[in-house]
Amino acid sequence: MRLRATPKALALRLDGGETPEEIRALRLPEGLPLEVEVAGPVSGETLEALLGLGRPLRLLPPRGRTPLGTLVLHKTLRSGERVEHPGTVVVLGDVNPGAEVVAGGDVIVVGKLRGLAHAGASGDEERFIFALALAAKQVRIGPHLAQAPEGGETQGPELARVQGGRIVVEPAKKR
């Protein structure tokens, strides 16, 4: 267990194995909320003792581990850039040729997709790829791979998904 003060909160790291008595024995200065990083197995009684401190607290994932969820990028990805995330990736910009987006979840591009996109990278073929302009030479969903036909033009927003064991690209329908 480690405790340190930051300008906005008290940062407490639980490495696992802490006892409720150790938590209750903490002498914490008043006025600062508690940010708790849980890096190891912690018992329910220890968590109850933490809540019993009577101050606002926020649980944080261990450093070095990216939480699942959605990663939103407010930029255009240039050639040579690679983004990898265990959840869904949303790009608010273009994905240029030579750039890669690899997601455990879906890939959503609010712009032109000309680089490589891989949705369901952990093998999940229930994922999809959406782009306002789908002009990628190659897309991947789970274990499936599809290459664009020669001279194919984009027809506005499109959605790529797996259907019948292969990737199908269709216009995104307004709902």
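Residues numbered from 1 in each chain as written. Predicted model: local features only at pLDDT ≥ 70, side-chain atom pairs only at ≥ 80, totals over all residues. Heavy atoms only, no water.

Q: Explanation requested: the pattern of salt bridges in the structure shown.
A: When the charged atoms of two side chains with opposite charge come close together, those side chains can pair. According to the stated counting rule, one finds twelve salt bridges in the structure shown. Measuring nitrogen to oxygen at the nearest pair gives 3.5 Å for the salt bridge that ties D106 to R127. Placement of the pair is D106 in the loop between β8 (100–103) and β9 (107–113) and R127 in the loop between β10 (116–119) and β11 (128–134), with a sequence separation of 21 residues. Of the residues examined, R127 reaches a relative accessible area of 28% and is grouped as partly exposed. Overlapping salt bridges, with partners in common, bring together R2, R13, D15 and E37 in one network. (Salt bridge = Lys/Arg side-chain N within 4 Å of Asp/Glu carboxyl O. Helix = DSSP H or I, 4+ residues; strand = E, 2+ residues; numbered from the N terminus. Buried < 20%, exposed > 50% of the residue type's maximum accessible area, 1.4 Å probe, protein only.)

Q: Explain a nonpolar patch on the surface here, please?
A: Together, V72, L92, V110 and L132 make up a nonpolar patch on the protein surface, roughly 290 Å² of accessible area in all. Inspection of the secondary structure puts V72 in strand β5 (residues 70–73). On the accessibility criterion, V72 (40% relative accessible area) is partly exposed. (Patch = residues over 30% accessible without salt bridge, like charges linked within 9 Å, V, L, I, M, F, W, Y side chains within 5 Å. Areas by Shrake-Rupley, 256 points an atom, 1.4 Å probe, with all protein chains shown as cover.)

Q: Please clarify how the sheet that holds strand β6 (residues 82–85) should be interpreted in this entry.
A: What links the strands of a sheet is backbone hydrogen bonding, and the strands pair in either a parallel or an antiparallel sense. Pairing in this open sheet of five strands is mixed, and the strands run β6-β8-β10-β12-β13 from one edge to the other. A strand with exactly one partner marks an edge of an open sheet, and here the two such strands are β6 and β13 (144–147). Going from strand to strand, the sheet's axes swing by 10° on average, the running direction of each strand aside. Pairing of β6 with β8, which is carried by four bridges, proceeds in the parallel orientation. Opposite E84, over in β8, you have V102 as the bridge partner. (Pairing = 2+ DSSP bridges. Axes fitted to C-alpha atoms, helices over the stretch in contact; angles between N-to-C directions.)

Q: Help me understand the pairing of β10 in this model?
A: One face of the sheet, then the other: side chains in a regular strand alternate in exactly this way. Neither face of β10 is left uncovered, since the one carrying L116 and H118 and the one carrying A117 and A119 both have all their residues buried. Strand direction decides the pairing type here: β8 and β10, joined by three bridges, are parallel. When the sheet's bridge partners are listed, E100 is paired in β10 with L116. Of the strand pairs in this sheet, β10 and strand β12 (residues 138–141) are connected by three bridges, and their pairing is parallel. From the neighbouring strand, H118 faces β12, where its bridge partner is R140.

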